[in-house]
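What the coordinates show
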Amino acid sequence: MVHQQRSEAHLSPSSDTEDIVSVLAPRLAHFAGVARTEHVTRAAQEMQVPQSTLSRAMVRLEQDLGVDLFARRGRTVSLTPAGRTFLGSVERALAEIARAAEEVRADADPATGKVAFGFLHTMGSETVPGLIRAFRADHPRVRFSLVQNYGEAMIERLRAGELDLCLTSPVPDAPDLVARRLDEQKLRLVVPADHRLASRKRVRLAEAADETFVTLEPGYGMRRITDDLCRQAGFKPRIAFEGEEAETLRGLVAAGLGVALLPPPAVPRPGVAELTVTAPRAAREIGVAWLAGHPDTPPVAAFKRFLLSRRGRLLPD
């Protein structure tokens, strides 16, 4: 069968994809309904739309495509070869839309929805598992998508809509974000077990001015804090190694390759001594951040309330 190209105005082949989608999308479900029943009146009854509206929609759809999709015999219709080809793609598209709609509804469900939660690597071994365990005591079926990263990377993902909330340090200050301080974590000077300072309980950071430091890479919050504390102590640290994970740095310290400013470990590490820094005051603020003006699903709102309720007792004792 030869399909005649209609002479009526329709979208040209050069039309932008966005234009084509905006025109065609509202008519696809109607087309699928008519194609399934092969009867305009029956399809109109099933979809609860006026028959005249459905008939006009099919005519406009054919005009927009410039192709006959139906062969008509009164109110009974049958698909042309072009119509059958189009129907296959339409059914797949509608099924994908239905799947996506079901997914976002499921993610927003108050009881079983999902929270995309980012946090620092140093929060991953103990703090975050404890928080989620406590939260799920009252919300046992809420699901989590967990992302561990450094602060700046998490803020980027927050802005991109990939995260709902992130636990980070330093607490960000930006007009497009909302951030709340939750707790403070003291930092320690970590030295090898056989180091000259290892027998001490406390130390002024200036006493390490001549030491070689191992630090996190630039861009990490702890790196900025380290540089700032050393500056306050009157020196610029000599950096021998830069890494991406605090426990790797502890391993380098244990190997005698330098000293480091780090938060306390979840489990004591052999081969190192951890000293309280008395001056300058060595601590980092831990806070939760989210995108300003971004609507929360019920599970995200519940977890946000839970985190805010943990002010001052976020970190394990």
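Conventions adopted
- Residues numbered from 1 in each chain as written.
- Predicted model: local features only at pLDDT ≥ 70, side-chain atom pairs only at ≥ 80, totals over all residues.
- Heavy atoms only, no water.
- Helix = DSSP H or I, 4+ residues; strand = E, 2+ residues; numbered from the N terminus.
- Contact = heavy atoms within 4.5 Å.
- Core = buried A, V, L, I, M, F, W, Y, C linked by side-chain atoms within 4.5 Å.
- Buried < 20%, exposed > 50% of the residue type's maximum accessible area, 1.4 Å probe, protein only.
- Axes fitted to C-alpha atoms, helices over the stretch in contact; angles between N-to-C directions.
- Parallel < 35°, antiparallel > 145°, perpendicular 65-115°, else oblique.
- Left-handed = near helix turned anticlockwise from the far one by under 90°.
- Nonpolar A, V, L, I, M, F, W, Y, C, P; charged D, E, K, R; others polar.
- Pairing = 2+ DSSP bridges.
- Salt bridge = Lys/Arg side-chain N within 4 Å of Asp/Glu carboxyl O.
- Phe/Tyr/Trp six-rings, centres within 6.5 Å; stacked < 30°, edge-to-face > 60°.

1. Thoughts on the side chain of Thr127
- By secondary structure assignment, the location of Thr127 is in helix α5 (residues 127-136).
- Those residues in contact with Thr127 that sit more than four places away from it in its chain are Leu314, Leu315 and Pro316.

2. Focus: the nonpolar core
- One finds Phe117, Leu165, Leu167, Phe303 and Leu307 to be the most contacted residues of the largest nonpolar core, which totals 37 residues.
- Elements supplying a minimum of two residues to this core: β3 (114-119), α5, β4 (143-148), α6 (151-159), β5 (165-168), β6 (177-186), β13 (283-291) and α9 (298-308).
- If sequence neighbours within four positions are ignored, Leu307 has contacts with Phe117, Leu131, Leu165, Leu182 and Val288.
- Counting 30 residues, the second largest nonpolar core, distinct from the first, contains Val214, Leu262, Val272 and Val277.

3. Here we look at the packing of helix α2 (residues 40-47) against helix α3 (residues 51-65)
- Here α2 crosses α3 at 115°, and the two axes come no closer than 9 Å. Taken together, the axis directions place α2 and α3 in an arrangement best described as roughly perpendicular. Both α2 and α3 take part in a crossing whose hand is right-handed. Contact residues: α2 offers Val40, Thr41, Ala43, Ala44 and Met47, while α3 offers Gln51, Leu54 and Ser55.
- Among the residues forming the contact of α2 with α3, the class breakdown is 5 nonpolar, 3 polar and no charged.

4. Brief notes about the sheet that holds β5
- Taken in spatial order, the 5 strands line up as β4-β3-β5-β13-β6 in an open sheet, and their pairing is mixed. Two strands in the sheet have a free side with no partner beyond their single neighbour: β4 and β6. Neighbouring strand axes in the sheet, compared pairwise and without regard to direction, differ in orientation by 20° on average.
- Of the pairings in the sheet, the one linking β6 to β13 comprises 9 bridges and is antiparallel in character. Residue Gln185 lies in a different strand from β13, and its bridge partner there is Arg284.
- Against the sheet, α5 makes contact with β3, β4 and β5, and its axis sits at roughly 165° relative to β4, the strand it touches most.
- Each of β3, β4, β5, β6 and β13 touches α6; the most contacted strand, β5, lies at about 165° to it.

5. Structural notes on the pattern of salt bridges
- Using the criterion set out here, one finds 19 salt bridges in the structure.
- The partner of Glu184 in a salt bridge is Arg281, with the nearest N and O atoms 2.4 Å apart. Of this pair, Glu184 sits in strand β6 while Arg281 sits in the loop between β12 (272-279) and β13, and the two are 97 residues apart along the sequence.
- For Arg281, a relative accessible area of 57% translates into the label exposed.
- We note a salt bridge from Glu247 to Arg250, for which the minimum N-O separation is 2.9 Å.

6. Quick notes on the sheet that holds β12
- Within the open sheet, the 4 strands sit side by side as β8-β12-β7-β11. Their pairing is mixed. Strands at the two margins of the open sheet, each flanked by one partner only, are β8 (202-204) and β11 (260-262). Strand-to-strand, the axes of this sheet are offset by a mean angle of 45°, without reference to chain direction.
- Examined bridge by bridge, β8 and β12 share 3 bridges and lie parallel to one another. Of the residues in β12, the one forming a bridge with Arg204 is Ala279.

7. Quick look at the packing of aromatic side chains
- The tally for this structure, following the rule as stated, stands at 11 aromatic pairs.
- Every member of this aromatic cluster is reached through a ring pair, and the members are Phe117, Phe119, Phe135, Phe144, Phe303 and Phe306.

8. A few points about unusual backbone geometry
- Each neighbour pair has its own omega, and for Ser169 with Pro170 the value is -10°, a cis peptide bond.
- Tracing the backbone through its elements, the reader meets Pro170 in the loop between β5 and β6.
- Cis geometry is adopted by the peptide bond preceding Pro280, which originates at Ala279 and carries an omega value of -10°.
- When you line up the elements, Pro280 lands in the loop between β12 and β13.
- With a phi close to 55°, Glu38 is a non-glycine residue in the positive phi region.
- Looking at where Glu38 falls in the secondary structure, it is placed in the loop between α1 (17-37) and α2.
- Its relative accessible area of 37% is what places Glu38 among the partly exposed residues.

9. Looking at the pairing of strand β1 (residues 70-73)
- The pairing of β1 with strand β2 (residues 76-79) spans 4 bridges and is classified as antiparallel. Looking at β2, one finds that Phe70 is bridged to Leu79.
- The antiparallel hairpin formed by β1 and β2 contains 2 residues in its connecting segment, where Gly74 sits at a positive phi of about 70°.

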